[in-house]
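Understanding the architecture of this molecule
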Amino acid sequence: MADAVATQILFQGDKQVIMKFTNNSDGTGESAVTKVDVSTLAPYQGRPCVEVQIDRIYLMTHGMQVRLLWGATTNVTIMTVPQNSSQTMDFNDFGGLGNNAGTGKTGNILFTTLDASAGDTYTIILVMRKLY
């Protein structure tokens with residue numbers, strides 16, 4: 001079996017995309033799974049989206065932790081969400097969380113779950129600014 005996961009685009013405009021991610025784990029977990037693939041986001045005036053900046057995060061975890069990563073040759077941790085958390089994080093006061101991945105930067109965001117057991121869940125909503 002595998003975790004029951006879903007990705008949903010709640011809104012996408014020229015400058016912003018809001019995406020919702022859920023996981024209902026069977027204990028398998030996820031390892032560096034691409035959740036935000038910038039190559040699939042809508043272009044603006046013919047220019048492709050090359051990366052995103054995180055402006056806000058709404059999150060809820062039950063039982064497991066979730067590590068968010070910037071995709072690169074060596075992935076870079078954005079943050080690790082602790083288990084049994086429910087919070088909103090707003091990064092607009094300082095311009096958002098920019099992608100600081102180095103060599104081989106893809107612009108994508110990946111998730112890895114930690115300590116996942118059957119019945120553990122997460123719901124994460126990312127409000128992101130699209131960069132071209």
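All of the points below concern the structure found in this document. All values reported here derive from a predicted model rather than from experimental measurement. (Residues numbered from 1 in each chain as written. Predicted model: local features only at pLDDT ≥ 70, side-chain atom pairs only at ≥ 80, totals over all residues. Heavy atoms only, no water.)

Notes on the sheet that holds strand β8 (residues 109-114)
Sheet architecture is open: four strands sit in the order β3-β8-β5-β6, paired in antiparallel fashion. The open sheet has two edge strands, β3 (33-36) and β6 (76-81), and neither has a second partner. The average undirected angle you get between the axes of adjacent strands in this sheet is 35°. Taken together, the three bridges between β3 and β8 define a ladder with antiparallel strand orientation. Bridging across to β8, Thr 34 finds its partner in Leu 110. (Pairing = 2+ DSSP bridges. Helix = DSSP H or I, 4+ residues; strand = E, 2+ residues; numbered from the N terminus. Axes fitted to C-alpha atoms, helices over the stretch in contact; angles between N-to-C directions.)

Structural notes on unusual backbone geometry
Note: most peptide bonds trans; most residues except glycine with negative phi. Phi at Gln 45 takes a positive value of approximately 50°, unusual for a residue other than glycine. The residue Gln 45 is located in the loop between β3 and β4 (51-62) in this model. Notably, Asp 115 is not glycine yet its phi reads approximately 60°, a positive angle. Counting through the fold element by element, Asp 115 comes out in the loop between β8 and β9 (118-131).

Some remarks on the pairing of strand β2 (residues 16-26)
In terms of strand pairing, strand β1 (residues 4-12) meets β2 through eight bridges, oriented antiparallel. Bridge assignment links Ile 9 to a residue of β2, and that residue is Met 19. Count of turn residues in the β1/β2 antiparallel hairpin: three residues. Pairing analysis gives 10 bridges linking β2 to β9, with the strands arranged antiparallel. When the sheet's bridge partners are listed, Lys 20 is paired in β9 with Ile 125.

Some remarks on the pattern of salt bridges
Between side chains of opposite charge, pairing is possible as soon as their charged atoms come close. Under the definition given, this model contains four salt bridges. A salt bridge links Lys 105 to Glu 51; its shortest N-O distance comes to 3.2 Å. Taken together, the residues Lys 105 in the loop between β7 (86-90) and β8 and Glu 51 in strand β4 connect sequence positions 54 residues apart. Glu 51 sits in the buried class, given a relative accessible area of 15%. Close ionic contact of Arg 129 with Asp 55 constitutes a salt bridge, the shortest N to O distance being 2.7 Å. Of the two residues, Arg 129 is situated in strand β9 and Asp 55 in strand β4; the sequence distance between them amounts to 74 residues. (Salt bridge = Lys/Arg side-chain N within 4 Å of Asp/Glu carboxyl O. Buried < 20%, exposed > 50% of the residue type's maximum accessible area, 1.4 Å probe, protein only.)

Observations regarding the sheet that holds β7
Picture the strands of a sheet paired through backbone hydrogen bonds; they go either parallel or antiparallel. With respect to topology, five strands assemble into an open sheet ordered β1-β2-β9-β4-β7, the strand pairing being antiparallel. Each end of this open sheet is capped by a strand with a single partner; those strands are β1 and β7. Averaged over neighbouring strand pairs, the angle between their axes works out to 15° when direction is ignored.

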